[in-house]
Amino acid sequence: MARSGEGDPREAGPRAGALSALLQDLARAPDVTEGAAWVAVLKPGERIGKFELVRELGRGGFGVVWEARDLELGRPVAFKAVRSGGQAGVRGERLLREAEAAARLQHPNIVTLHDVGRAEPGPYLVLELLRGMTLAERLAEGPIPPAEAVRIAGEVAKGVAHAHSQGVVHRDLKPENVFLCDEGQVKVLDFGMAHAFGQPKADGGTRGYMAPEQLARAPEDERTDVFALGVILHQMLSGKRPFEDEKALRARGAAPAMEVPDEPELGELVGRMLAKDPLARPRNAGEVRDALLALQRPPTGRPPSGPVRVRRRPLLRLGAFVVVGIAVGVLAAVAALWRPATPTPLAGADSRIVVAVADFANETKDPDLDGLSGLLITSLAQSPRLQVLTRSRLFDLVRQEGREPVERIDETLARELGRRAGAKVLLLASIRRFDDVYAVELRALDPIADTYLFTAKEQVPGKRGVPGLVDALAVRTRVALRESEADVRRSGLRVAEAVTGNLEAYRHYFLGIQRIDEYRFEEGRAELAEAIRLDPDFAQPHLQLAMGQLWSWVAPREREAHLAAALSRAERLPETDRLILLAEEALLRGRLDEAYRGYQRAQISSPSDKRILLRMYWIARFTRQDLVEATSLAERALALDPSWQPAQDALAIALVFRGEFARAEALAREWAERWPSQLTLAVLNGVLLHAARPEEAFTVARKAEATGAPSGIGHLALIRTLIQLDRFEEAEAALRSRTTASPDGLVLDRLVPKVALYRGKRREMQRTLDRYQGPGGTPSGAAVFLGAGDADVAGALALARRALPEVPGGSSAAAFAVAGHAEAAAELLEKHVAGLPASSTVLPQAVATIIEALRARDRGDVEGARRILDGLRKGPSRPTSHAASFVLGQICFEAREDACAVEAFDEFQRHHWLFEVSAWAYPRSLLLRASSEERMGRRAEALATVERLLAIWRHADTDLPLLAEAKALRGRLKAAPPTGAPRAAPPP
């Protein structure tokens, strides 16, 4: 073939906008039959503009083709006189865009469009002149050898893949539109031209090569071309098309199986290209091109081992006619569903339609556009008719299946997850860029029935307009799903205003949420902080950081600052986030009944948000002391994500506090076996510690630490177990060796002064507390505890007053109550609960109960104090019940009721790792217990207890009064003859 017009720099292609201008001109022209006027003009030697006609080459679907000569450039060209086919086909804006895009295609395997124009007789196109034959003419001679068929199909795929990368779908691939040039080149013809010029086709396609979705007038995409190319390849190899007629195409069942000798992969590829379900085909021609290139091998000179064979797949014999009838009926129903005006997806349990959104296929390669699925989810979530699954929910499903972590929810994965989540609509979208124009195509399908519902396309000039484009897609989706226009207007959302118009900031927020879902908290925190830096008015990352204390990775003062920032921008938040924010504020301020109601409203708005259920759990557990309700909420959160460690931990604790140790342990072991990780092992470790089995808990903690990231979880489990085992030096070493990026870094940092205090190293503890001082040197809660414990009541009370509100009054009141100072505790408690509901939290109730017991003690009513504290010890909150055990031990010791004291201290010591002020109280409990044992005459046990204390305090500050008391007690015990059996010491 002689290919003309090989790239003269003066004539690279039609000027920008030329084809659209021509089509618009045609749309304005009178509605007459174009073509008749050309009859008198199309003659050899006739000049039309700068083109001189030479001879007629043929007549096509929408015009007459002549060989002509370009008199300016001196080259032969193909001159196509166009018959417009009526005006209705050229008026649509979509056709203008399609034709303009097709005109821009420049590729060696696509026929080059040199020029467009309009003469008096009508419009014309000027294309490169090709010499050779069409593939249809070649197929008339019979099948094509496999190697040559693969080469031809590969060249076609190259051209079509280029078009797909530019957002152009051919829609009418067939042998007549594939040209085999004399020199061996393969060219694809008619990219959208016939359609653009209004020829009478459906939405594209030619019978025999149309995909099932084209026959059903359903949405088309690149896979429509893949199907047509599969038909062509099948025809080249076998000499026949794969489906005898439309009835065979509509029937249930796969395409005929093709067996190609020496090339089994080729038959398999053809089968995938001919899949009736578009999602089962290769995604686009680029995938087909790559597969065909892999099959191309140098010729061996040997003949093939046998002919190509085609095996028809018969329908099941039993009820075959019924099956065919059902298949045709189903396809007809699908055709109706595929029309945008009549989709009928089923609703969820609360009558809302469950919708899943896959991540956008970002073909622009601009990373700032990777988070568009989150924007679309946010916009759609405002609908009262839709229940939109969060992206976190989809990641939960991935994790539950034990898969390797994924970065994206692509189309294949989204389809599977949508089915698992019960979604009735799955939204698949792609974004492309053409110069400065951004175009999004959205397809909606029913993932369960594997049927398409509708499509939508939007485009916008400039990147800044992309958020508005997402809004437009959300509106079109809601309308297509039969939501009333009034509801859409009433609950619509402009994401650029309600979220952020800064796409780079949104990308960092998008990644931050994903990292938090993956328990990579420090990375998530950094991404959220970067989102705020890029857009300080972006409220959502402020809200997420304000909620970070759920995983203990945001400090209290930082949380307060982010909460204030989010509140000042509350009007910019979507409705569910706004409800969560107001509930968070109520929670922080102690208005827990209000917070609970707020979370309930948010949970109704977003029923798949497990974090809301866990927030409600904490209020139910600590405010209402309703362990039944707390258990139910934890179980509901786990129903959404059985692998979620915070909910596992919550359920296990609720069961432990209800005394259901066996069930808690069984569940924890099941979780650790099903989802082996530091997270699940940490839950099992906590259950065993609550059950007072620290040696078993230590084995589990070691296993947790060895499982890898996130290392902070394993360290925390190990350290709290070492504390319970009195192995404080090892706990210190573990704290020093922890990774700085651990997700529980804040919790671990707070353990440093706590472990130092356990060991009697008070000056070291005070140095480490400096980092926790608040603005203006506000003392930390630990400093208040220390002052109260040293009986410097006046000094400690001054610290506590100065600490308010940085250190909550309830915590400071607890420190004074445990230390036995009733009136100081009462003063701080009164400040804490002022203006709050009378029963706003368990802590004030517990502190008030302890104060009541202390006042009974002060009146000399030790028995009354015991009754009061026994009620608290048997209550549902184990940390406060163990605090009550410590206080009771002190009261009994002071009253010289030593058996009561030993029993109470024993209860406290079995669980002291739970207790907030145990670093001060635990050493004191050992000394007082040993003193009671001495008074009871159990000197061996007393010596073992005091030696236990002195081993812990081996490196304690030498000037501590408690240390001097312990050494004096040991001296007395060693000097006196022992009585009673010695107590077993804990493991070293």
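The residue count restarts for each chain, going from 1 along the sequence in the order it is written. Local features are withheld for residues below a pLDDT of 70 in this predicted model, meaning they are given only at 70 or higher, and side-chain atom pairs are given and counted only at 80 or more; totals for whole chains, interfaces and linings count all residues. Computation of side-chain values: all heavy atoms of the structure, hydrogens and water removed.

To qualify as a helix, a DSSP run of H or I must reach at least 4 residues; to qualify as a strand, a run of E must reach at least 2; elements of each kind are numbered from the N terminus. Counting secondary structure elements, the chain contains 44 helices and 17 strands. Classification of residues uses two cut-offs on accessible area relative to the type maximum, computed with a 1.4 Å probe and protein chains only: under 20% is buried, over 50% is exposed, and between them is partly exposed. Counting all 988 residues of the chain, 58% fall into the buried class. Contacts are assigned to residue pairs that have any heavy atoms within 4.5 Å of one another. Taking all contacts inside the chain whose residues are at least 6 apart in sequence as the whole, residues at least 24 apart take part in 65%.

This brings us to the pairing of strand S4 (residues 75–82). In terms of burial, S4 is a largely internal element, 7 of the 8 residues being buried. Of the pairings in the sheet, the one linking strand S3 (residues 63–70) to S4 comprises 8 bridges and is antiparallel in character. Note on S4: the bridge partner recorded for tryptophan 66 is phenylalanine 79. Following S3, the chain reverses through 4 residues before pairing antiparallel with S4; glycine 74 in that reversal takes a positive phi of roughly 65 degrees. Pairing of S4 with strand S6 (residues 122–128) involves 5 bridges; the strand directions are antiparallel. Looking at S6, one finds that phenylalanine 79 is bridged to valine 126. At least two bridges found by DSSP between two strands are what make those strands a pair.

By this rule the span expected of a helix is its residue count minus one, scaled by 1.5 Å. Taking 1.5 Å as the rise per residue, helix H43 (residues 939–952) with 14 residues should run 20 Å; its terminal C-alpha atoms sit 20 Å apart, in good agreement. Ala940, Glu941, Ala942, Thr945, Val946, Arg948, Leu949, Leu950 and Ile952 are the residues of H43 that are buried.

Moving on: the packing of aromatic side chains. How two aromatic rings sit relative to each other is set out by the distance from centre to centre and by the angle between their planes. In summary, the pairing rule links any two rings of Phe, Tyr or Trp, Trp by its six-membered ring, whose centres are within 6.5 Å, and it sorts them by plane angle into stacked for under 30 degrees, edge-to-face for over 60 and tilted for everything else. Applying the stated criterion to the full structure yields 15 aromatic pairs. Measuring from centroid to centroid gives 5.3 Å for phenylalanine 886 and phenylalanine 908, while their planes differ by 55 degrees, and the two rings are tilted. Of the two residues, phenylalanine 886 is situated in helix H40 (residues 878–894) and phenylalanine 908 in helix H41 (residues 898–910); the sequence distance between them amounts to 22 residues. Taking the relative accessible area as the measure of exposure, phenylalanine 886 reaches 0% and is therefore buried. Taking relative accessible area as the criterion, phenylalanine 908 reaches 0% and is therefore assigned buried. A connected cluster of aromatic rings, assembled from ring pairs, spans Trp38, Phe51, Phe79 and Tyr124.

Disulfide assignment relies on a single distance test, namely cysteine sulfur atoms paired within 2.5 Å. Applying the stated criterion across every chain, the model contains 1 disulfide. Covalent S-S linkage joins cysteine 892 and cysteine 900, the inter-sulfur distance amounting to 1.9 Å. Residues cysteine 892 and cysteine 900 share a disulfide whose torsion about the S-S bond is about 45 degrees; that sign makes it right-handed. Assessed through its relative accessible area of 0%, cysteine 892 is described here as buried. Judged by relative accessible area, which is 8%, cysteine 900 ranks as buried.

Looking now at the packing of helix H28 (residues 678–690) against helix H29 (residues 694–706). Between N-to-C directions, angles cover 0 to 180 degrees, with each direction set by a line fitted to C-alpha atoms, over the stretch in contact for helices. Where H28 contacts H29, the two axes come as close as 8 Å, and the packing angle between them is 170 degrees. Taken together, the axis directions place H28 and H29 in an arrangement best described as roughly antiparallel. Across from Gln678, Leu681, Leu684, Asn685, Leu688 and Leu689 in H28, the residues of H29 making contact are Pro694, Glu696, Ala697, Val700, Ala701, Lys703, Ala704 and Glu705. Amino acids outside the nonpolar list (Ala, Val, Leu, Ile, Met, Phe, Trp, Tyr, Cys, Pro) and the charged list (Asp, Glu, Lys, Arg) are all regarded as polar, and Gly is one of them. Of the residues belonging to the contact of H28 with H29, the class tally is 9 nonpolar, 2 polar and 3 charged. Just so you know how the angles are binned, under 35 degrees is roughly parallel, over 145 roughly antiparallel, 65 to 115 roughly perpendicular, and the rest oblique.

So, about the pattern of salt bridges. Salt bridges are defined as contacts in which a side-chain nitrogen from Lys or Arg sits within 4 Å of a carboxyl oxygen from Asp or Glu. Counting across every chain of the model gives 67 salt bridges. For arginine 281, the salt bridge is made with glutamate 213, and the minimal N-O distance between the two is 2.8 Å. Residue arginine 281 is found in the loop between helix H9 (264–273) and helix H10 (285–295), and its partner glutamate 213 is found in helix H6 (residues 212–215); the two are separated by 68 residues along the sequence. When sorted by exposure, arginine 281 lands in the same class as glutamate 213, which is buried. The partner of lysine 610 in a salt bridge is aspartate 396, with the nearest N and O atoms 2.7 Å apart.

This paragraph deals with the side chain of arginine 569. Take arginine 569: it is sitting in the loop between helix H21 (556–568) and helix H22 (575–588). By relative accessible area, arginine 569 is classed as buried at 18%. Looking at arginine 569, its side chain comes within polar contact range of the main-chain oxygen of proline 536, at 3.1 Å. Every residue in contact with arginine 569, bar those within four places of it in the chain, is listed here: Pro536, Asp537 and Ala539. Distance and chemistry together define a polar contact, namely a pair of N or O atoms within 3.5 Å, with one atom able to donate a hydrogen and the other to accept it when in protein, and with adjacent residues in sequence counting only for side-chain atoms on both sides.

A few words now on the nonpolar core. Residues enter a nonpolar core if they are buried and are Ala, Val, Leu, Ile, Met, Phe, Trp, Tyr or Cys, with the set joined through side-chain atoms within 4.5 Å. Ranked by internal contacts, the top residues of the largest apolar core, which has 82 residues, are Leu869, Phe886, Phe915 and Trp953. Excluding anything up to four places from it in sequence, leucine 869 contacts Ile850, Ala853, Ala884, Val887, Leu888 and Ile891. Counting residues in each nonpolar core, the second largest holds 59 residues, with Ala570, Leu573, Tyr596 and Met616 among its members.

Another point: the confidence of the model for the chain. Per-residue confidence for the chain averages 79 on the pLDDT scale, and 76% of its residues sit at or above 70. One confidence number per residue, pLDDT, is output by the predictor and ranges from 0 to 100. Segment residues 1–11: pLDDT under 50, and 28 contacts once partners within four positions in sequence are set aside and those in other chains are kept. Across residues 983–988, where pLDDT falls below 50, the model places 14 contacts with residues more than four positions away in sequence or in other chains.

Assignment of secondary structure puts glutamate 665 in helix H27 (residues 661–674). By relative accessible area, which is 16% here, glutamate 665 ends up buried. Only 2.8 Å separates the side chain of glutamate 665 from the side chain of arginine 693, close enough to count as a polar contact.

So, on to the environment of alanine 956. Tracing the backbone through its elements, the reader meets alanine 956 in the loop between H43 and helix H44 (961–975). For the pair alanine 956 and arginine 763, spaced 193 residues apart in the sequence, the C-alpha separation amounts to 9.5 Å. For alanine 956, the residues in contact, after removing those within four places along its chain, are Arg759, Gly760, Lys761 and Leu963.

On to empty space enclosed by the protein. Whether a set of points on the 1 Å grid over the protein atoms alone is a cavity depends on a 1.4 Å probe fitting there but being unable to get out, while an open set qualifies as a pocket with protein on both sides within 12 Å along at least five of seven lines; lining residues are those with an atom within 4 Å of a point. Grid points are joined across faces, edges and corners, and a volume is the space filled by probe spheres set on the points. This model, assessed by the stated rule, comprises 6 cavities of 30 Å³ or more. For the largest cavity, the lining is made up of 38 residues, of which Thr390, Arg391, Ser392, Asp609 and Arg611 are closest to its centre. Every element with two or more residues in the lining of the largest cavity is listed here: helix H12 (372–380), strand S14 (386–388), helix H13 (391–400), helix H18 (503–517), helix H20 (539–546), H22 and helix H24 (610–622). The element contributing the most residues to the lining of the largest cavity is H18, with 7 residues. Residue composition of the lining of the largest cavity, grouped by class: 16 nonpolar, 13 polar and 9 charged.

Running from amino to carboxyl end, H13 crosses H18 at an angle of 35 degrees, the nearest separation of the two axes being 10 Å. Crossing angle aside, the handedness with which H13 passes H18 is right-handed. Residues Arg391, Ser392, Phe395 and Arg399 of H13 form the contact with H18, whose participating residues are Phe510, Ile513, Gln514 and Asp517. Grouping the amino acids of the contact of H13 with H18 by side-chain chemistry returns 3 nonpolar, 2 polar and 3 charged. Crossings are classed by handedness, with left-handed meaning an anticlockwise turn of the near helix from the far one by less than a right angle and right-handed meaning a clockwise turn.

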